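What the coordinates show
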2 protein chains.
Amino acid sequence: MSEEKKEENSFTDSQQHLDEETLFVVSQTFKALSDPTRIRILNLLCTGEHSVNEIAETLNLGQSTVSHQLRFLKNLRLVKYRRAGSTLFYSEDDHHVMNLLKQAINHATHH
Amino acid sequence: MSEEKKEENSFTDSQQHLDEETLFVVSQTFKALSDPTRIRILNLLCTGEHSVNEIAETLNLGQSTVSHQLRFLKNLRLVKYRRAGSTLFYSEDDHHVMNLLKQAINHATHH
DNA sequence: CGTATATATGAGCATATGTTCATATATTGT
DNA sequence: ACAATATATGAACATATGCTCATATATACG
């Protein structure tokens with residue numbers, strides 16, 4: 001019975017007016033999470049860092065597709081990478097956004 | 001210093017594989033929150049129920065635009081409405097998704 | 001019943017989005 | 001320097017998205 005409670009009122013109520021910039025940032029953040037491919041990539045990165053090819057093979061996606069999406073996520077600073085030779089290991093870089101994703105996934109599956 | 005803590009680990013870690021349906025539901029949910037107009041509408045509905053025209057006038061949007069977006073949000077069960085004569089009063093209908101929105105807004109503004 | 005008001009709907013249009021293909025760049029090993 | 005491997009990039013394309021305009025529906029009121 002406390003299952004529902006713990007995700008409520010974690011924050012003070014939102015404000016009346018949203019300025020342009022806030023609106024842009026918030027919408028961009030959610031846009032990043034609104035595509036199945038990006039969700040799969042971010043969900044995979046929850047398990048730790050992975051190279052571009054690993055991601056592509058694991059999720060059965062084209063190398064170009066993964067690279068494009070990673071650039072998208074990198075621009076929003078949702079992921080970062082570490083270089084090891086010619087291989088780039090990507091990992092998550094925004095725990096807050098990852099938390100939003102986890103909440104949504106949990107809500108979608110556990111209900 | 002506990003500012004960052006309270007939004008972390010509200011849930012057990014996400015699972016390894018996401019099925020088609022979960023992927024669809026989650027992406028649709030975030031898509032709903034990825035548009036500035038819909039964000040403004042939902043943010044306004046945080047303050048209680050409002051009619052279509054009230055929303056349009058308050059947010060300076062066309063009546064048709066608001067109606068279309070409300071249909072979109074209604075299909076996803078994020079909003080509901082109550083009829084009073086020829087006026088329809090819309091209000092929020094998914095506290096979990098509203099909570100995701102509030103978190104994102106708070107994060108965008110307080111940082 | 002006719003008019004006014006509130007909301008919904010569909011077509012059309014411009015723009016955004018995501019994937020694929022081909023190719024470029026970069027790093028490693030020989 | 002050359003070949004192999006890993007990743008990035010840009011153009012092209014099909015589809016999705018969001019707004020506007022015109023019009024339809026629905027309710028209330030005289």
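As annotated in an unreviewed UniProt entry, chain A carries the name DNA-binding transcriptional regulator, ArsR family and is attributed to Ornithinibacillus halophilus.

Examining the overall build of chain A
When you go through chain A residue by residue, the secondary structure sums to five helices and three strands. Counted from the first residue to the last, chain A has its helices and strands arranged as α-α-β-α-α-β-β-α. Taken across its 111 residues, chain A has 45% of its residues classed as buried. In chain A, once contacts between residues fewer than 6 apart in sequence are set aside, the share between residues at least 24 apart is 49%. On chain A, roughly 6200 Å² of surface is accessible, and the fraction owed to carbon and sulfur atoms is 46%.

A short note on the protein's contact with DNA strand C
Residues in close proximity to DNA strand C total 23 residues, the closest being T37, S64 and Q69 of chain A together with S64 and Y90 of chain B. For DNA strand C, the backbone makes up 69% of the atoms found within 4 Å of the protein, where backbone means sugar plus phosphate. Between DNA strand C and K31 of chain A there is a distance of 3.3 Å, counted from a phosphate oxygen to a side-chain nitrogen or oxygen. For DNA strand C, a phosphate oxygen lies 2.5 Å from a polar atom in the side chain of T37 of chain A. Elements with a minimum of two residues in the surface near DNA strand C: α2 (36-45) and α4 (63-75) of chain A together with α3 (52-59), α4 (63-75) and β3 (87-92) of chain B. The leading source of residues in the surface near DNA strand C is α4 of chain B, at five residues.

So, the pairing of strand β2 (residues 79-84) of chain A
All names here are of chain A. As paired strands, β2 and strand β3 (residues 87-92) are joined by six bridges and run antiparallel to one another. Looking across to β3, one finds that V79 is bridged to E92. Hairpin connection, β2 to β3: the antiparallel pair is bridged by two residues, and G85 has positive phi, about 70°.

What to know about the layout of surface pockets
In this structure, the largest pocket encloses a volume near 350 Å³. If you go around the largest pocket, you meet 19 residues; those closest to its centre are V25, T29, L76 and D94 of chain A together with H107 of chain B. Of all elements in the fold, only α1 (20-32) and α5 (95-109) of chain A together with α5 (95-109) of chain B reach the threshold of two or more residues within the lining of the largest pocket. In terms of residue count, the dominant contributor to the lining of the largest pocket is α1 of chain A (seven residues). Taken together, the residues that form the lining of the largest pocket break down as nine nonpolar, six polar and four charged. The space that makes up the second largest pocket amounts to roughly 300 Å³. Along the walls of the second largest pocket sit 15 residues, with H107 of chain A together with V25, T29, L76 and D94 of chain B positioned nearest its centre. Those elements giving two or more residues to the lining of the second largest pocket turn out to be α5 of chain A together with α1 (20-32) and α5 of chain B. Per-element accounting of the lining of the second largest pocket gives the leading share, five residues, to α1 of chain B. Residue classes in the lining of the second largest pocket are distributed as nine nonpolar, five polar and one charged.

Reading the values: rules and limits
- Residues numbered from 1 in each chain as written.
- Chains lettered and ligands numbered in written order.
- Predicted model: local features only at pLDDT ≥ 70, side-chain atom pairs only at ≥ 80, totals over all residues.
- Heavy atoms only, no water.
- Helix = DSSP H or I, 4+ residues; strand = E, 2+ residues; numbered from the N terminus.
- Buried < 20%, exposed > 50% of the residue type's maximum accessible area, 1.4 Å probe, protein only.
- Contact = heavy atoms within 4.5 Å.
- Areas by Shrake-Rupley, 256 points an atom, 1.4 Å probe, with all protein chains shown as cover.
- Near = heavy atom within 4 Å.
- Polar contact = N/O pair within 3.5 Å; in protein donor to acceptor, adjacent residues only side chain to side chain.
- Pairing = 2+ DSSP bridges.
- 1 Å grid on protein atoms, 1.4 Å probe; cavity = no way out; pocket = protein on both sides within 12 Å on 5 of 7 lines; lining within 4 Å.
- Points joined across faces, edges and corners; volume = space filled by probe spheres on them.
- Nonpolar A, V, L, I, M, F, W, Y, C, P; charged D, E, K, R; others polar.

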